[in-house]
Amino acid sequence: MSATVEYADEEPNGLASIIGGLIEGNLKAHPDREALLKPAVIGITAPDVAVSITLQIAPGRVGIANGLQGKPHLLVQANSDTLIELSSVPLRFGLPDNFTHDGRAVTGSLLKGRIKVKGMTRHLSRLARLNKLLSVNE
């Protein structure tokens, strides 16, 4: 793997550590996913535990910083359990597969506002790449 996951903070918060470890593990297990590393700034926040991170994705590199920084293309907001569960949802074209129970559950959570994704319609391809990057499914 030539892509790197770098932490901006000396002590990454729990969400940064989990997301960073997930990305790093997926890039090692699936080196072809390095092609997903195209420029994007993504904020992720878990209001139930008052923790946020910013991902700065670029070719060959994923930077992770504590807190929300700048103006992200996408801002994903969900409780911490839901954020972790999203990594195991089956995908179709990088989005939750509505032909599966878990995919329909995610779509339902989006419609009910339990998962919020600001910038989703404008940056759908970035969201699809993020989903694929975080997915533990092959």
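For the structure itself, look to the data block above.
Below is a short write-up of the structure.

Definitions and limits used
- Residues numbered from 1 in each chain as written.
- Predicted model: local features only at pLDDT ≥ 70, side-chain atom pairs only at ≥ 80, totals over all residues.
- Heavy atoms only, no water.
- Helix = DSSP H or I, 4+ residues; strand = E, 2+ residues; numbered from the N terminus.
- Rg over C-alpha atoms; globule rule 2.2 N^0.38 Å.
- Buried < 20%, exposed > 50% of the residue type's maximum accessible area, 1.4 Å probe, protein only.
- Contact = heavy atoms within 4.5 Å.
- Areas by Shrake-Rupley, 256 points an atom, 1.4 Å probe, with all protein chains shown as cover.
- Lys, Arg positive; Asp, Glu negative; His and termini not counted.
- Charge placed at Lys NZ, Arg CZ, Asp CG, Glu CD.
- Salt bridge = Lys/Arg side-chain N within 4 Å of Asp/Glu carboxyl O.
- Expected span 1.5 Å × (residues − 1).
- Arc of directions from axis to C-beta.
- Polar contact = N/O pair within 3.5 Å; in protein donor to acceptor, adjacent residues only side chain to side chain.
- 1 Å grid on protein atoms, 1.4 Å probe; cavity = no way out; pocket = protein on both sides within 12 Å on 5 of 7 lines; lining within 4 Å.
- Points joined across faces, edges and corners; volume = space filled by probe spheres on them.
- Nonpolar A, V, L, I, M, F, W, Y, C, P; charged D, E, K, R; others polar.
- Pairing = 2+ DSSP bridges.

1. Some points on the overall build of the chain
Secondary structure assignment for the chain yields 4 helices and 8 strands. Each helix and strand of the chain, ordered N terminal to C terminal, gives the series β-α-β-β-β-β-α-β-β-α-β-α. In terms of overall size, the chain behaves like a compact globule, its C-alpha atoms giving a radius of gyration of 14 Å where 138 residues would be expected to give roughly 14 Å. When the backbone C-alpha atoms are referred to their principal axes, the chain occupies close to 35 × 35 × 25 Å. Burial analysis of the chain (138 residues in total) assigns 38% to the buried set. Once local pairs closer than 6 in sequence are excluded, the contacts in the chain between residues at least 24 apart make up 65%. When the accessible surface of the chain is totalled, it reaches about 7600 Å², and 53% of it is carbon and sulfur. In the chain, 15 side chains carry a positive charge and 13 a negative one; their mean positions are 13 Å apart.

2. Section: the pattern of salt bridges
Evaluation of the coordinates by the stated rule reveals 2 salt bridges. A salt bridge links Glu6 to Arg61, with the nearest nitrogen and oxygen atoms 2.7 Å apart. With Glu6 in strand 1 (residues 4–7) and Arg61 in strand 4 (residues 61–66), this pair connects stretches of sequence that are 55 residues apart. The partner of Arg92 in a salt bridge is Asp97, and the shortest N-O contact between them spans 3.2 Å.

3. Some words on helix 1 (residues 14–29)
Over its 16 residues, helix 1 extends 22 Å from the first C-alpha to the last, a length consistent with the 22 Å expected when each residue adds 1.5 Å. If you check which residues of helix 1 are buried, you get Leu15, Ala16, Ile19, Gly20, Ile23, Asn26 and Leu27. For helix 1, the arc enclosing every buried residue in end-on projection is 135 degrees, short of the 170-degree limit, so these residues lie on one face. Among the exposed residues of helix 1, those pointing more than 90 degrees away from its buried face are Lys28 and Ala29. Against strand 1, strand 2 (40–46), strand 3 (51–58), strand 4, helix 2 (80–85) and helix 4 (124–134) lie the buried residues of helix 1. At the N-terminal end of helix 1, a side-chain oxygen is found 3.2 Å from the backbone nitrogen of Leu15, two or three residues along, and the residue is Asn13.

4. Some remarks on the layout of surface pockets
Taken as a whole, the largest pocket encloses approximately 450 Å³ of empty space. The wall of the largest pocket is formed by 25 residues, among which Leu86, Pro96, Val106, Leu127 and Asn131 lie closest to the centre. Going through the elements one at a time, helix 1, strand 6 (91–92), strand 7 (95–96), helix 3 (101–112) and helix 4 are the ones with two or more residues in the lining of the largest pocket. Broken down by class, the residue content of the lining of the largest pocket amounts to 20 nonpolar, 4 polar and 1 charged.

5. Description of the pairing of strand 4
Two elements, strand 1 and strand 4, share 4 bridges in a ladder whose sense is parallel. In the strand pairing of strand 4, Tyr7 is matched with Ile64. Counted along the chain from strand 3 to the antiparallel partner strand 4, the turn is 2 residues long, and its residue Gly60 has a positive phi close to 80 degrees.

6. Thoughts on the side chain of Ser109
Counting through the fold element by element, Ser109 comes out in helix 3. For Ser109, a relative accessible area of 12% puts it in the buried group.

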